[in-house]
Amino acid sequence: MNQSCNCKIITGQYSLADDIGQQMIQTLFGKDAQYRYELYFHWYNLIHELGHAIMMFNNPARPHPAEEEQLVNDFAVAYWRQYGETAKLRQLEEMVTQTLTKFPALTDGDYLEFTKAHWGEDVFQTFEGYGWFQFSSVQNSLSRQITLEEALGRLCPGILVHQEKRLLSYEIHEEMAEMVVSDAVGILRKWGVHLPERIPVVLTDDVNCHMFHCEDYDRIRSQVMELYGEINEECK
């Protein structure tokens, strides 16, 4: 499959945000807000966004959007358990637990089933509603022991090439984002995951903007569907 495309990860930058944006992050994350913002969005969440890229380039069937969010959170947690520092994972878990208390719970039942049932409604177009779902999802991923091989297998149905565990250590700051993504893309390609050789990171002054974006989405999805159609024919 031709993996060349115009795709990127867009992520907010705390230092570029206006006073309102920075105040919102301080209210959400509390003490050491900028450090926690960098830890969550420029360490953990960049791998979450790569999970969406893996789905786009490797999986012919995209699940319900809420289910995909859970899958890519499972992947991001599993990736950092395989390659990250234990201390940062502990900090992440503590921060997610504390931050989740800042959002009013939308249900006492299953957060994922509730979100699927109400996806597309106004409640999930708000910062409070979507934030509650996303942090609930991350907390769920952190509470379970899923290996990277298992998580990748749920994102892409191809044959994976297991890679040994190693430690990737990063100093938490805004400039590390490009390194985190570059290292991860190289590692995941060794696992046998289809990804472009480079996925650039674009920093923005919108602290709420975090996404994987591909301008060639329809073309790439068509190629993925064609590729797996050929594989299925060969397996018959």
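Residues numbered from 1 in each chain as written. Predicted model: local features only at pLDDT ≥ 70, side-chain atom pairs only at ≥ 80, totals over all residues. Heavy atoms only, no water.

Here we look at the nonpolar core
Phe29, Tyr40, Trp43, Leu50, Phe75, Tyr79 and Ile199 are the most contacted members of the largest nonpolar core, which totals 74 residues. If one sorts the elements of this core by residue count, helix 2 (residues 33-58) sits on top with 15 residues. Apart from the residues lying within four places of it in its own chain, the contact partners of isoleucine 199 are Cys7, Lys8, Ile9, Leu50, Ala53, Glu178, Val181, Val185 and Phe212. (Core = buried A, V, L, I, M, F, W, Y, C linked by side-chain atoms within 4.5 Å. Buried < 20%, exposed > 50% of the residue type's maximum accessible area, 1.4 Å probe, protein only. Helix = DSSP H or I, 4+ residues; strand = E, 2+ residues; numbered from the N terminus. Contact = heavy atoms within 4.5 Å.)

Side note on the sheet that holds strand 3 (residues 210-214)
Spatial strand order, 2-1-3: 3 strands in an open sheet with mixed pairing. Strand pairing shows two members of the sheet lacking a second neighbour, strand 2 (201-204) and strand 3, which therefore form its edges. Averaged over all pairs of adjacent strands, the angle between strand axes in this sheet comes to 25°, irrespective of strand direction. Sheet topology places strand 1 (residues 7-12) next to strand 2; 4 bridges connect them, and they run parallel. Residue threonine 11 lies in a different strand from strand 2, and its bridge partner there is leucine 203. Across the sheet, helix 2 lies against strand 1, strand 2 and strand 3, angled at about 30° from strand 3, the strand it touches most. (Pairing = 2+ DSSP bridges. Axes fitted to C-alpha atoms, helices over the stretch in contact; angles between N-to-C directions.)

Description of helix 4 (residues 86-100)
Residues lying three or four places apart along an α-helix face the same way, a consequence of the helix completing one turn every 3.6 residues. Over its 15 residues, helix 4 runs 21 Å from end to end, which matches the ideal 21 Å to within 8%, given 1.5 Å per residue. Restricting attention to buried positions, one finds in helix 4 the residues Lys88, Leu89, Leu92, Met95, Val96, Thr99 and Leu100. Taken end-on, helix 4 shows its buried residues confined to a sector of 130°, consistent with a single buried face. Taken together, the buried residues of helix 4 touch helix 1 (19-29), helix 2, helix 3 (65-83) and helix 6 (127-143). (Expected span 1.5 Å × (residues − 1). Arc of directions from axis to C-beta.)

Re the pairing of strand 3
Here is the key point about a regular strand: its side chains alternate between the two faces of the sheet. Burial along strand 3 is one-sided: His210, Phe212 and Cys214 are buried, and none of Met211 and His213, which face the opposite way, are. As judged from the 5 bridges shared by strand 1 and strand 3, these two strands associate in the antiparallel manner. Residue pairing for strand 3: cysteine 7 is matched across the bridge by cysteine 214.

Comments concerning the pattern of salt bridges
Opposite charge on two side chains permits them to pair, given that their charged atoms come into close proximity. What the rule picks out here adds up to 8 salt bridges. Across the salt bridge formed by lysine 116 and glutamate 113, the nearest N and O atoms sit 3.7 Å from each other. One end of the pair, lysine 116, and the other, glutamate 113, are both in helix 5 (residues 111-118), 3 residues apart, so they sit about a helical turn from each other. By relative accessible area, which is 44% here, glutamate 113 ends up partly exposed. Close ionic contact of glutamate 178 with arginine 198 constitutes a salt bridge, the shortest N to O distance being 3.5 Å. Residue glutamate 178 is located in helix 8 (residues 177-190), and its partner arginine 198 is located in the loop between helix 8 and strand 2; the two are separated by 20 residues in the primary sequence. Taken together, the shared-partner salt bridges connect Glu67, Glu113 and Lys116 into one network. (Salt bridge = Lys/Arg side-chain N within 4 Å of Asp/Glu carboxyl O.)

Section: unusual backbone geometry
Despite not being glycine, aspartate 32 shows a phi value in the positive range, around 55°. You can see aspartate 32 is positioned in the loop between helix 1 and helix 2.

A few points about a negative patch on the surface
Taken together, the side chains of Asp18, Asp19, Asp205 and Asp206 make up a negatively charged region of the molecular surface. The residue aspartate 19 is located in helix 1 in this model. (Patch = residues over 30% accessible without salt bridge, like charges linked within 9 Å, V, L, I, M, F, W, Y side chains within 5 Å. Areas by Shrake-Rupley, 256 points an atom, 1.4 Å probe, with all protein chains shown as cover. Lys, Arg positive; Asp, Glu negative; His and termini not counted. Charge placed at Lys NZ, Arg CZ, Asp CG, Glu CD.)

Considerations on the confidence of the model for the chain
Per-residue confidence for the chain averages 93 on the pLDDT scale, and 94% of its residues sit at or above 70. Ignoring residues within four places in sequence, the model shows residues 231-236, a span with pLDDT below 50, making 0 contacts including any to other chains. (pLDDT = per-residue confidence, 0-100.)

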